Each structure stands twice: as C-alpha cells, then as structure tokens.
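Structural characterization, general
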Amino acid sequence: MKKRFTIALAGNPNCGKTCIFNALTGARQHVGNYPGVTVESKSGRFELAGREIELIDLPGVYSLSSSSPEEEVVFRELTRPGIDLIVNVVDATIPQRSLYLTTQLAELAIPMLIALNMSDDAARKGLKYDLPKLEQYFGSPVVPTVGCKTGGVRPLLEKLAEIAGHPERHRARQLSYGPDIDDAVNTVAAAIDALGLKRFRHIPARFFAVKLLERDSSVRRIADFAPAHPEAEAQIRHLQDKHAIETDTFMADRRYAMLAGACRGAIIATGERRREISDKIDVVMTNKYIGLPLFFLIIYLTFWFTFTAADPLMGYIETGFAWLTDAVKAGWPDTVFPFLRNLVADGVIGGVGGVLVFLPNILFLFFAIALLEDSGYMARAAFVMDGVMRRFGLQGRSFVPLVLGFGCSVPAIMATRTIESERDRRVTIMVLPLMSCSARLPIYALIIPAFFAERYQAVMMWLIYLIGVAVALTAARILKSTLFRGDGEIYLMELPPYRMPTFRSLMLHMWDRGRMYVRKAGTIILTASVILYVCNTWPEKREFSKDYAAAAAEARRAGALTDAQIAVLEASGRLTPEQLEAVRSDRMLPPGSREAFVDPGPTAAQAAVLNAAQAADDAIARLENEKQAELMEYTISGRIGHALEPLFRPIGFDWKLTTASIGALAAKEVFVSQLGILYAEGQTDEESVPLREQLIRNYTPLQAFCIMVFCLLSIPCLATLAIIRRELNSRVYPVIEAAGLFTLAYVAALVVYQTGTLLQIGVRMIQ
C-alpha cells in the first residue's frame, strides 16, 4: 500500500478551492473572495487512512490554454511526474462554465475526483444534480462539498479515503470532439508517440496533440515536440479548410457542446429561479452613478473603524512600554554597564515598543480588509473602479494588487502576476509603492492623533490614503503615455456572489498579519533599532562648548526661591507636606506641584512665585537641551543628519527627521522607532515623555503633514525594491523607482511646506 499520496487541487477562481485546502490541511492561509488571490501553487499535508497526503493548491484558472501566468503554473505542475490524483473543485452554482476546465483535466488521464463545491448555494438556486450520470459521463467520482462550513468537506475526505488505495480505477474517460477532430488528434498523437519521449511518458500523447492543434504556447515552446509541429500544422490546415474556423475556437465550441449535453441530462433546474440577493445588491453597489461614492464611503468607514477601535488599546500599550522603560532604568543602576542599560531601555524597548504600539491599528485594518474581501465586495470594487482606472491607462485587474498594496507592497507586487498584459503589469508594479502600506500606518497613527483634532482624524487618514491613490493613478497615466505606451486590453471580470465571511477566516487573517508585523518588529526593526541606537549614541562626546554642570548650578542659584516666596507657597495650603519639604530643601518647585494651582487659579502673589520658578526651570531645561543637542550632533546619526539637513530644511525637516527618513529605508516603521530613540536620548531617568508629546513640542501641524506626505511618496523599503528587481528581472527598474519616488516626495513636500508657510497655514505650535 502506497504510504505517500500527492493530490493536486485544481479549479476556477472563486470556486472555494482555497477554502477546501484550508479545511483539509488546517493551513493558516488567507481566503479571499476575488480573482487572483492564489498566484503560486502552495502545499500542505494531512493524514488520511494511514497515508500521508500532500495537497497542492494550484492557482485558479479557467482553462489549460497557457494564456496567463496562472495557467502556465498549473500546466507545469500537472505535467510533472508524481501527481497521484486531481481533485477538481467545481462551482456547483455555475456548472457549465466550471466544467470546461474538467474536460481539459480529463485529457491528462490522471485519476480525478470532482468536488461540487458550494452545493448548498446551488440547491438554493434550484439546481439539482444527478451525480451517477455525471460520474458516468466523466468516468470520475463526484462528491458535493461546502468548503466554507465546518464539516462541509467530510464527504470529500470519505471519498478520498475510499479511492486512495486504487486511484488508477478512477481515471477520467477519454472524451470525443467528433470524428473529424478525433482523427486529427489521433494523427498528431501518433507522430508524438513515434518520437519516444521518456520525459512525458506519464502523460498521454493525446493531451499534447490537442495542445499542438490549439497552438498552445507552453507546449510549442517544448523543444521535444518540435518534430511533430509539421504534422500538427498540416492537420490544422485540414480542419480550417473543412470548417473555415480556427481550430482552437472550434475545439472550445466542441467542449461547450459536450458540456451542454452532459449538463442537460445530469442537472435539473427545479422551479423558476428567483433573482438572487447578490443581483439585487449589485443594482446599488455597482451602479455607475453611486457605486464610486459608495466605494469611497466604505473605505472611509474602514479607516474610521480602525482608529476608533484601536485607539484605547494603543493607549494601554503605550503606557505599558513607558512603564517598562522607567522600570528598567529604575532597577538597573546607571553605573553598571551604562551603555547596555541605555541600549535595552531606549534602543530595544523604545525602538521596538514604539512600533508595537500600533499593532491594534494593523489588526483592525486587516480585519476590515478581510471582511471586504471575503464578503465579495472587493470584486465589486474592482468592477466599479475599472472605468476610472482605464482613464489612467490601467485595467480593472490592476485594482486587486493595488488594494493589496494597502497591506504590504511585497505580496501586492507578486499578485501582479495575474495581469496578462506585460505593460500593465510593469506599470502596476512601478506605481504600487505609492499605495499606503501597513508599514506607513504607524507613522500616520503617530502623527494624526498628535496634531489633528479627534473629529478630523479619520478624515486625515482617509485623505492621506486618497492622495497616494491619486498620485499612483496619475503616475500610471504618465507611464502608459511614455515609457509603456501601448493599446489597452479587454478585461473580463467575475463577480462572485456575496457571502457571509466566517469568523475563523477573519481571525486567521488578523492573526497572520499581526504575526508578520510582530515578527518584523522582532527581527528587522529590532536589528535596525540596535544599529540606529549605536549610531545615535556613538561616538560619545567628552568635551563640550561650555561647562554645563556649572552653568546649571548657576541657574539653580539664580532661580532659587527666596524665604518670602517659600512663605507664599506655604501659606497657600495647596502643597502636600512632601512637596513643601522638597521646596525647603531644594528651594525649587518639585515636578507636578504646579498642578495644585490650576483649579482654582493662583493669586497674584502665588502667580509671581510660579512664574519665577518656571523661569528657572526653563533656563535649566535649555541648558540640558543644549547639552543633549551637542551629544546627539556628535554621533554618527547627528553627523549624517546635519550633513543632509540643508537639503531637507526647505521641506520642513530638521536633522532628526532627516535621520529618521534615512533609517526608514530598512522598513518604514523604523521612522517611528528612530524618532523614539532620538527623543528618548534627551529625557531624564525620572520621567519618560511619550513620543507624541515630544513631537508636539518641536513641530507644527504643517511640518507634521509634510512628514506624512514625504513618507507616503518617498523611496519604499529595501524589501520592496528587492521584489521589484526580482519580478521585473532588472536592476535598472529599482534604481529608477527609488530615484523617481524620492524626487516626487521631495517636490511634493516642498510645495506643501513652502505654500503653507507663505499662507500661514498650520505654522503655529500646538499649545
């Protein structure tokens, strides 16, 4: 008995194939309800009746004609040795179209099992299947499944266990195309058999003969079949003379004719089909007048939900990391390995913690995106956007990778393999980094709540994403009119029915993205944070422009409270005994004591004392800031930042923002991490001031908006540039991408900052 068994899972896009794959293997793989979610074949393993089953999830295709990258992947996988069984997943709600692929799979003569998936939806549509008749027609077992429901694949497992022992008994029977085509196929197959090819002896020559008659590009590229080309061309000319039609079109017509006969006898429509709920919803959702506004409204609600749900959790996480930083500094004496102490507290905890604070945003954003995908709305969004995108030189199929770009540019660029037009694919790849990926979300989540009122936060998030989309589409139009000029192509889009997403699918999607984000924080960002911390602290400056200790002592003496001023504070009755003791001892106001005079406000005498104390504190703080500035400016980061500051000053960046922008090349989240480290360097051990408050103290709303614009449009992370090089097989394109996006980001930020400064918009510090 064979202990290891290899099964290929094949079917059309949106037939529920990946749902079945997840149900059988338990793999945590995202299930998306729109075309193109499975780009490469994936595999999983499970045990069945004492056998180890390897299940290969092939990309969704409509045929084996090799006219798209997905079909080439499927062709390559199914013609290699080692496939014991094909599980052909068929959408039971649209059998005649779905079974077209089945007729081509049958020609491979590999044992096959047909899974009529979504059989519950088919029953609701009034479709009733005569399974024995279908089995008799194709010569393969047929089993109904409901892949998206618990227990919905149990019949499939039972049938697999039954046929696994003797799969050869379930080979699909040879289908007939009619005497004339069958004669041509047999003639070409005989010519192939005469070649004695050992490489493809596990596949019948008839399969390759059909492909040569269809002028299939994948088979014609195989040099082994070149000697059979003359015979194939002779048969093609014979069929063209007889039928006055191209053979590939004629054979497709014959396949559909065969299916019409099979479905007529094995599938019955019981009663009058009612108009489905999906069609009624689509009257509104895909309406040419309100479909687009509804799309933007749904995206806006997505961002509103992300902010509203994540904000409380972010506050808890931020407080927790601040407490952890203070606890490490309090429990670790600054005389014991001081550099390592600060590296852990400010570099590791401050850097990684500053990024993990935004984990709730990532989770809730991907929950919302998964909801849109799994419900079926994402395909409608592509349909609605198709007309708009064609005005910018792209097709609706480019919309799916662009939406995936909101998550991560790397898988989004890989998803462009579903775009058949090489020009459109290249253009889509080049503009994809302009979509706001999740790595940029921590930057927005840091800036927007700090500088914009709560009622404007969702609007600002929606606006920054919309700017990215608008710039990407404009760039696509320019590229299609210049570097990638050419005619557009027709895009046929499938709209799957609306479905209720499963809670398990949504949670798995959140978990996968959250795990990737945490893993990134624990690897790339951790490494970058350590490197950046070293750059931010080394070399350490020993000699300063002035004696800051003596200057601070002089400032304390000059600002010390007099006995009369202390008496005013004692008489106020607003300070605690501990605070009064600190005043008498240090002759300075201790931290937090001013809050006692807020409500009710201080008297004139008390206000005079508070103002004098504040002036002394400000003088001491200025000296401390000057010292920290000298320390940081002496470091590697400071030197690089200062060297580039003249270039970045016109867009509102100081040397700290400049340095953080350079660090963001490793990963966009590092921008937040780098700022956290830089500003942590200037803090005391007694109190850690949150990064948001530090930014509010040092920058204006105009500068904050320029930061977001620059981070949105600038050079993507190194991983994105690497995947561009791999997908386009060129070292030139990543260089063009980096140079072009930096120029675009700089010019855009320059225009915004200089215009805002001229018009005095958002140029005042937030008090």
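Residues numbered from 1 in each chain as written. Predicted model: local features only at pLDDT ≥ 70, side-chain atom pairs only at ≥ 80, totals over all residues. Heavy atoms only, no water.

1. Describing the overall build of the protein
Rules: For helices the rule is a DSSP run of H or I covering at least 4 residues; for strands it is a run of E covering at least 2, with both sets numbered from the N terminus onward. Exposed residues in this analysis have more than 50% of their type's maximum accessible area, buried residues have under 20%, and partly exposed residues fall in between, with area computed by a 1.4 Å probe over protein chains only. Between two residues, a contact is recorded if the distance between any of their heavy atoms is within 4.5 Å. What sets the accessible areas is the Shrake-Rupley method with a 1.4 Å probe; for residues, cover comes only from the shown protein chains.
Helix and strand content of the protein: 34 helices and eight strands. Projecting the C-alpha coordinates of the protein onto the three principal axes gives extents of approximately 115 × 55 × 50 Å. In the protein, which comprises 767 residues, the share counted as buried stands at 53%. Within the protein, contacts between residues separated by at least 24 positions form 75% of all contacts whose residues are at least 6 apart in sequence. Working note: accessible area of the protein is about 34,400 Å², and carbon and sulfur atoms make up 60% of it.

2. Things to note about the pattern of salt bridges
Quick note on the threshold: When a carboxyl oxygen of Asp or Glu is within 4 Å of a side-chain nitrogen of Lys or Arg, the pair counts as a salt bridge.
Counted according to the given criterion, the structure contains 25 salt bridges. R255 is the partner of E107 in a salt bridge, and the nearest nitrogen-oxygen pair spans 3.4 Å. Taken together, the positions of E107 in the loop between helix 3 (95–106) and strand 5 (112–117) and R255 in helix 11 (residues 247–266) put the pair 148 residues apart, joining distant regions of the chain. The exposure classification of E107 matches that of R255, with both residues buried. Among the salt bridges present, the one from D120 reaches K149, with a minimum N-O distance of 3.3 Å. You can see D120 sitting in helix 4 (residues 119–124) and its partner K149 sitting in the loop between strand 7 (142–144) and helix 6 (154–163), a full 29 residues away along the chain.

3. Quick look at the sheet that holds strand 3 (residues 51–57)
Which entries qualify depends on this criterion: Whether two strands pair comes down to DSSP finding at least two bridges between them. Orientation is described by axes fitted as lines to C-alpha atoms, over the contacting stretch for helices, and by angles from 0 to 180 degrees between their N-to-C directions.
With mixed pairing, six strands are arranged side by side in an open sheet as 2-3-1-4-5-7. Looking along the sheet, the strands with just one partner apiece sit at the ends: strand 2 (42–48) and strand 7. Between one strand and the next, the sheet's axes are offset by a mean angle of 25°, whatever the strand orientation. Note that strand 1 (residues 4–11) and strand 3 share six bridges and pair parallel. Considered in strand 3, the bridge of L9 is made with D57.

4. Comments concerning the state of the cysteines
Each disulfide consists of a covalent bond between the sulfur atoms of two cysteine residues. Applicable threshold: Note that a disulfide, as used here, is simply two cysteine sulfur atoms within 2.5 Å.
By the definition in use, this model includes zero disulfides. We note that C717 lacks a disulfide partner, and the nearest cysteine sulfur, in C437, lies 6.6 Å from it. For C717, a relative accessible area of 12% puts it in the buried group.

5. Side note on the packing of aromatic side chains
Put simply, the rule is: In this analysis, rings of Phe, Tyr and Trp, with Trp reduced to its six-membered ring, are considered paired at centre separations within 6.5 Å, and the interplanar angle assigns stacked below 30 degrees, edge-to-face beyond 60, and tilted for intermediate values. Charge-over-ring placement is defined geometrically: NZ (Lys) or CZ (Arg) within 6 Å of the ring centre, and within 35 degrees of the ring normal.
For the structure on display, the rule yields 20 aromatic pairs. The structure contains a cluster of three or more aromatic residues connected by ring pairs, namely F75, F200, F207, F208 and F225. Over the face of the ring belonging to F544 we find K627, whose NZ or CZ atom lies 5.7 Å from the ring centre. Between R639 and the ring centre of Y634, over which it is positioned, the NZ or CZ distance is 4.6 Å.

6. Examining the pairing of strand 5
Defined as follows: Note on handedness: a clockwise path from strand one over the helix to strand two, with the strands aimed away from the viewer, defines a right-handed crossover.
Of all six residues making up strand 5, six are buried, and the element is well covered by its neighbours. Judged by which residues are buried, strand 5 turns out to be covered on both faces: M112, I114 and L116 on one side and L113, A115 and N117 on the other are all buried. Two strands pair when backbone bridges link them, and strand 4 (residues 85–91) and strand 5 are joined in this way by six bridges, in the parallel orientation. Of the residues in strand 5, the one forming a bridge with I86 is M112. The parallel pair strand 4 and strand 5 is bridged by helix 3, and the resulting crossover is right-handed. Bridge count for strand 5 against strand 7 is three bridges, and the pairing is parallel.

7. Observations regarding helix 16 (residues 377–391)
Using the following cut-off: Every helix has an expected span of 1.5 Å times one less than the residues it contains. Fitting one axis to the seven residues ending at a residue and another to the seven starting there, the bend at that residue is the angle between the two axes.
With 15 residues, helix 16 ought to run about 21 Å at 1.5 Å a step, and its terminal C-alpha atoms sit 22 Å apart, in line with that. The largest bend along helix 16 reaches roughly 45° and is located at M385. Three or more residues of helix 16 are buried, namely Y377, M378, A379, R380, A381, A382, V384, M385, D386 and M389. Of the surrounding elements, those touching the buried residues of helix 16 are helix 12 (277–285), helix 13 (291–331), helix 15 (359–375), helix 17 (399–404) and helix 21 (454–481). Immediately downstream of helix 16, the backbone of G393 shows phi near 90°, a positive value.

8. Focus on the side chain of N117
By the element assignment, N117 lies in strand 5. The exposure class of N117 is buried, given its relative accessible area of 2%. Setting aside anything within four residues of it in sequence, one finds N117 in contact with C15, G16, I20, V89, V90, D91, A92, T145, V146 and G147.

9. Quick word on the nonpolar core
What counts here: Think of a nonpolar core as a cluster: buried Ala, Val, Leu, Ile, Met, Phe, Trp, Tyr and Cys residues, connected wherever their side-chain atoms sit within 4.5 Å.
Core analysis: the biggest nonpolar cluster contains 88 residues, and M461, Y465, F671, L695 and M708 have the highest contact counts within it. Non-local contacts of Y465, meaning those with residues more than four positions away in its chain, are made with F303, L365, F406, S436, C437, L441 and Y444. If you look at the next biggest cluster of nonpolar residues, it comprises 64 residues, including F75, F207, L212 and I236.

10. Describing the side chain of T302
Along the chain, T302 falls in helix 13. Apart from residues lying up to four places away in sequence, T302 is in contact with L365, A368 and L372.

11. Considerations on the packing of helix 19 (residues 422–431) against helix 21
Basically, it comes down to this: With respect to orientation, any angle under 35 degrees is reported as roughly parallel, any angle over 145 as roughly antiparallel, any angle of 65 to 115 as roughly perpendicular, and every other angle as oblique. We call a crossing left-handed when the near helix sits turned anticlockwise from the far one by less than a right angle, and right-handed when that turn is clockwise. Residues were grouped as follows: Ala, Val, Leu, Ile, Met, Phe, Trp, Tyr, Cys and Pro as nonpolar; Asp, Glu, Lys and Arg as charged; and all remaining residues, including Gly, as polar.
Between helix 19 and helix 21, the shortest axis-to-axis distance is 9 Å and the interhelical angle comes to 140°. Judged by the angle between their axes, helix 19 and helix 21 are oblique. Handedness of the helix 19/helix 21 crossing: right-handed. Taken together, the residues of helix 21 that come into contact with helix 19 (itself represented by D424, V427, M430 and V431) are A472, A475, A476, L479 and K480. Residues belonging to the contact of helix 19 with helix 21 are distributed by class as follows: seven nonpolar, no polar and two charged.

12. A look at a nonpolar patch on the surface
Just so we agree on the cut-off: The patches reported here contain residues having more than 30% relative accessible area and no salt bridge. Joining distances are 9 Å for like charges and 5 Å for nonpolar side chains (Val, Leu, Ile, Met, Phe, Trp, Tyr).
Residues V283, V284, Y289 and I290 make up a contiguous nonpolar surface patch of roughly 380 Å² in combined accessible area. Inspection of the secondary structure assignment puts V284 in helix 12. Residue class for V284 comes out partly exposed when judged on its relative accessible area of 38%.

13. Quick word on the confidence of the model for the protein
Basically, it comes down to this: Scored from 0 to 100, pLDDT records how confident the predictor is in each individual residue.
Residues with a pLDDT of 70 or more make up 91% of the protein, whose mean pLDDT is 83. Counted against residues more than four places away or in other chains, residues 30–39, with its pLDDT under 50, gives 47 contacts. Contacts of residues 684–688 to residues separated by more than four positions or lying in other chains number seven contacts, the stretch itself having pLDDT below 50.

14. Considerations on the pairing of strand 1
Of all eight residues in strand 1, seven are buried, a share of seventy percent or more. Judged from the five bridges that link them, strand 1 and strand 4 form a sheet pairing that is parallel. From the neighbouring strand, I7 faces strand 4, where its bridge partner is L85.

15. Describing unusual backbone geometry
Omega for the peptide link from W538 to P539 comes to -5°, which places this bond in the cis form. If you trace the backbone, P539 turns up in the loop between helix 23 (524–537) and helix 24 (548–559). A cis geometry characterises the amide bond from D599 onward to P600, with omega recorded as 0°. Among the structural elements, P600 can be located in the loop between helix 26 (577–586) and helix 27 (604–633).

16. Some remarks on the environment of L644
With respect to the helices, strands and loops of the structure, L644 is situated in helix 28 (residues 636–648). As a C-alpha pair, L644 and W655 span 11 residues in sequence and 7.4 Å in three-dimensional space. Sequence-distant contacts of L644, defined by excluding residues within four places in its chain, comprise T658 and I662.

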